[in-house]
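Architecture at a glance
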Amino acid sequence: MLFPSRYSLERWSYTLQRITGVVVTLYFVLHVIETGNFVGGPSVWYVPPYDYARAYYEEIREFLHNPVFDVGLVIIGWMVAFHAVNGLRLTLAHFGITLGRPSRVEPEAPPRSFSPFQRAIFWISIALAVFAVVYSLNALMGVLAA
Amino acid sequence: MSERRLMLLHYVTGIGILITGAVHLWVVFFTVPLDQTIWETTMLFDNHPFAILSVYRNALLASTLWLLLVFTTYHAMNGIRVILMELIPNRSFVSAIKWVLIALGLFLVVYGTRTILIAYNIR
Amino acid sequence: MEGKVVFTVFRHDPSAGERPRFVRYEVPYRSGMTVLDGLLYIKERIDHTLAIRYSCRMGICGSCGMKVNGLPRLACFTQVSELGRSIKVEPLPNHPLVRDLVTDFTAFFSKHRAVKPWLIRKDAEEQENPTRQYLQSDQELERYIQFSYCISCGLCYSACPVVTALPEFPGPQALAWLYRFYADSRDQGGRERLRLVDDATGIWRCHFAGSCSQVCPKGVDPALAIQLLRRAVLRG
Ligand code: SF4
Ligand code: FES
């Protein structure tokens, strides 16, 4: 049931939206914890001196600046772009916008809820996700410049 | 809160993330010249228009970041709740997980707000 | 296409305590043959213990739903020629199994009943003894006519990934029927109707996976009905 190979695009979107949502949530939790370190870690609840925060930050930066995390971020970038645009598509659909209107049944016609507009936004989400991969690969690892 | 309210907020925060998240990504990634990486520019501590500290010190960017934090926390916690309640349709499990998610959400908002407030004030 | 078609058929009798198994049957191909024709050939000539449910043989009664080559379909409405030489037949998922290809629709129909699939009028006396006709314009008719084509075959219900995970979910068929009456200009159920599904196991659990509309043999597009219903609920 997890991989709906025989079902339509909408079913894939449903599965992907869930997977990307869960993974991005995990990233978000780690991200909030990790950026907390920029100001000196969990024990600092006052404003630390500039130099202290800076030294602490440099250490974290050293730790994060490696290809494993970079590739992880690229994957997160893919997921964020997909989840964002596909989420917009779902919101529109849930509010009854961009869907076809009900009418008399036409045999063999695709369901009106799978409107060209809806399909287009789905493919835009995929395209943007691919763009996000290329862009963040460059922004993180400088692949285009190399 | 009724399920209707909870889900309505899910859409609203989703749109909110779209806007505030775009600003966040723009600051971190899209201000970086194509021939440089973020590690040489925005991921510096200071001394760059969009280095970490400069972003937090800018009141407008910092408040956008805070909104993004709140929106994402709600959206993520509610999303996990939805997935879990559909996967494990057991009433007592659903109400138990609700409190775990509220606690995790509160932690994220408090901890993230702390980061933003402290960084805003580092001079 | 001539020669033989191989049917791989799910066989299981839960009351007999044996394990589910797939049995291969070879059936001579005949032009215009449907999956139901093939199964009836098996039942008549090869193995009469095979349990199937059907009635009209023409896509009207909605009783012959089964999973054919991985998708829920009406056996009488599916041509063998569109599937090829090897056909795998299983009972509909999401409905409890009775035996072989026959599934139990009790829960499905009780969800159907729960959305009050009839016209509600405020004036009970008028409803019982109408004094006039209730006319509709073409536009009013088009708002719901598509959804009234439903034959309650339960294919959408068995394709729905939410029903699989959350058995309390009303499912596409019931929600589409609810909208079909809500959108009917003669109906006065209004908000009352919306309240029936505005809860944690109701309409909010639909995430527009669209599988219902993909498998519906009648072009009902329950996913469309559900999104329009949700729009109505969102507007309060
Ligand atoms: S909506 Fe379509 S698939 Fe679902 S029960 Fe009605 S006719 Fe069958
Ligand atoms: S036998 Fe009636 S719909 Fe197939």
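Residues numbered from 1 in each chain as written. Chains lettered and ligands numbered in written order. Predicted model: local features only at pLDDT ≥ 70, side-chain atom pairs only at ≥ 80, totals over all residues. Heavy atoms only, no water.

**Examining the overall build of chain A**
The test is simple: Note on conventions: DSSP H or I runs of at least 4 residues are helices, E runs of at least 2 residues are strands, and numbering of each starts at the N terminus. It only takes one pair of heavy atoms within 4.5 Å for two residues to be counted as in contact. Surface accessibility in these figures is a Shrake-Rupley result with a 1.4 Å probe; residues are shielded only by whichever protein chains are displayed. Charge assignment in this entry is limited to Lys and Arg as positive and Asp and Glu as negative, and neither His nor the chain termini are counted. A charge is said to be at NZ when it belongs to Lys, at CZ for Arg, at CG for Asp and at CD for Glu.
Assigned secondary structure in chain A consists of four helices and zero strands. Walking chain A from its N terminus toward its C terminus, one meets helices and strands in the order α-α-α-α. Oriented by its inertia axes, the alpha-carbon framework of chain A measures out at about 70 × 40 × 25 Å. Sequence-distant contacts in chain A: of pairs separated by 6 or more residues, those separated by 24 or more amount to 64%. Of the accessible surface of chain A, which amounts to about 7500 Å², a share of 73% is contributed by carbon and sulfur atoms. Between the centroid of the 10 positive side chains of chain A and the centroid of its 9 negative side chains there is a distance of 21 Å.

**Observations concerning a nonpolar patch on the surface**
Filter applied, for reference: Patches in this entry comprise residues that are over 30% relatively accessible and not in a salt bridge; like charges within 9 Å are linked, as are nonpolar side chains (Val, Leu, Ile, Met, Phe, Trp, Tyr) within 5 Å. Should a side-chain nitrogen of Lys or Arg be within 4 Å of a carboxyl oxygen of Asp or Glu, the pair is scored as a salt bridge.
Among the surface-exposed residues, A:V71, A:I75, A:V130, A:V134, A:M141, A:V143, A:L144 and B:L34 lie close enough to one another that they form a single nonpolar patch of about 680 Å² accessible area. Within the residue set of the nonpolar patch, elements represented by two or more residues are α3 (67-94) and α4 (116-141) of chain A. Among the elements that make up the nonpolar patch, the one with the highest residue count is α4(A) (three residues). Checked against the element boundaries, B:L34 lands in the loop between α1 (3-30) and α2 (52-57).

**A closer look at helix α2 (residues 50-64) of chain A**
All names here are of chain A. The condition that has to hold: Here the expected length of a helix is defined as 1.5 Å per residue gap, with one fewer gap than residues. Burial classification: accessible surface area is computed with a 1.4 Å probe over protein chains only, and a residue below 20% of its type maximum counts as buried, one above 50% as exposed, and the rest as partly exposed. Starting at the helix axis, one direction is taken to each C-beta atom, and the arc is that of these directions.
Across its 15 residues, α2 extends 21 Å between first and last C-alpha, which sits within 8% of the 21 Å expected from 1.5 Å per residue. Along α2, the residues that are buried comprise A53, Y57, I60, R61 and L64. Along the axis of α2, the buried positions cluster into a sector of 100°, meaning they face one direction only. Exposed positions of α2 whose direction lies more than 90 degrees from the buried face are D51, E59, E62 and F63.

**Observations concerning the interface of chain A and chain B**
Put simply, the rule reads: A quick way to say it: buried area is the sum, across both parts, of accessible area lost when two parts are put together, with a 1.4 Å probe. The term polar contact refers here to a pair of N or O atoms within 3.5 Å; inside protein, the definition further demands a hydrogen-donor-capable atom paired with an acceptor-capable atom, and it admits residues adjacent in sequence only when both atoms are side-chain atoms. Amino acids outside the nonpolar list (Ala, Val, Leu, Ile, Met, Phe, Trp, Tyr, Cys, Pro) and the charged list (Asp, Glu, Lys, Arg) are all regarded as polar, and Gly is one of them.
Facing 44 residues of chain A, the contacting portion of chain B comprises 46 residues. Between chain A and chain B the total buried area reaches about 3700 Å² when both faces are included, carbon and sulfur atoms providing 73% of it. Residue B:E86 pairs with A:R18 through a salt bridge whose shortest N-O separation is 2.9 Å. On the surface where chain A and chain B come into contact, there are 14 residue pairs in polar contact (both at pLDDT 80 or more). Elements represented by at least two residues in the side of chain A that touches chain B include exactly α1 (9-36), α2, α3 and α4 of chain A. Element by element, the count of residues in the side of chain A that touches chain B is highest for α1(A), at eleven residues. Among the residues making up the side of chain A that touches chain B, the classes are represented as 27 nonpolar, twelve polar and five charged.

**What about the sheet that holds strand β2 (residues 21-28) of chain C?**
Sheet strands pair by backbone hydrogen bonding; their relative direction is either parallel or antiparallel. All names here are of chain C. The criterion, for reference: Two strands form a pair only when DSSP identifies at least two bridges running between them. A fitted line through C-alpha atoms represents every axis, and for helices the fit uses only the stretch in contact; the resulting angles, taken between N-to-C directions, go from 0 to 180 degrees.
Spatially, five strands are ordered β2-β1-β5-β3-β4 in an open sheet, and the strand pairing comes out mixed. Each of the sheet's edge strands pairs with one partner strand only, and the pair in question is β2 and β4 (71-74). The mean inter-strand angle of the sheet, taken between neighbouring strand axes irrespective of direction, is 35°. Packed on one face of the sheet, helix α1 (residues 35-46) meets β1 (4-11), β2, β3 (65-68) and β5 (86-90) and runs near 95° to β2.

**Let's talk about the nonpolar core**
Where we set the bar: As used in this record, nonpolar core signifies buried Ala, Val, Leu, Ile, Met, Phe, Trp, Tyr and Cys residues forming a set joined through side-chain atoms within 4.5 Å. Domains are outlined according to an automatic or database domain assignment.
Grouped together as the largest cluster of nonpolar side chains are 82 residues, with contacts concentrated most on C:F7, C:L39 and C:L101. Considering every element that reaches this core, the biggest residue donor is helix α10 (residues 222-234) of chain C, with nine residues. Both domain 1 (4-103) and domain 2 (106-235) of chain C contribute no fewer than three residues apiece to this core. The residues contacting C:L39, other than those within four sequence positions of it, are C:F7, C:V9, C:L50, C:I52, C:M66, C:V89 and C:L101. The next biggest cluster of nonpolar side chains, apart from the first, holds 28 residues, and it includes A:A53, A:Y135, B:L68 and B:I122.

**Quick look at the pattern of salt bridges**
Residue and element names in this part refer to chain C. In the structure shown here, the tally under the stated rule is 20 salt bridges over all chains. R99 serves as the salt-bridge partner of D100, at 3.8 Å between the closest nitrogen and oxygen. Its relative accessible area of 2% is what places D100 among the buried residues. You can call R99 partly exposed: its relative accessible area is 31%. Taking the shortest distance from any N to any O, the salt bridge between E192 and R195 comes out at 3.2 Å. With a gap of three residues between them, E192 and R195 both fall in helix α8 (residues 190-195), about one helical turn apart. As far as burial versus exposure is concerned, E192 and R195 are alike and both exposed.

**Observations regarding the packing of helix α2 (residues 106-114) of chain C against helix α7 (residues 171-182) of chain C**
All names here are of chain C. Going by this rule: Angles below 35 degrees are treated as roughly parallel, those above 145 as roughly antiparallel, those between 65 and 115 as roughly perpendicular, and all remaining angles as oblique. Two helices that cross are described as forming a left-handed crossing if the nearer one is turned anticlockwise from the farther one by less than a right angle, and a right-handed crossing if clockwise.
Orientation of α2 relative to α7, taken along the N-to-C sense of each, is 20°, at an axis distance of 9 Å. On the basis of their axis angle, the class for α2 and α7 is roughly parallel. Between α2 and α7 the crossing geometry is right-handed. Residues F108, K111 and H112 of α2 pack against Q173, A174 and W177 of α7. Here the contact of α2 with α7 is built from residues that sort into three nonpolar, two polar and one charged.

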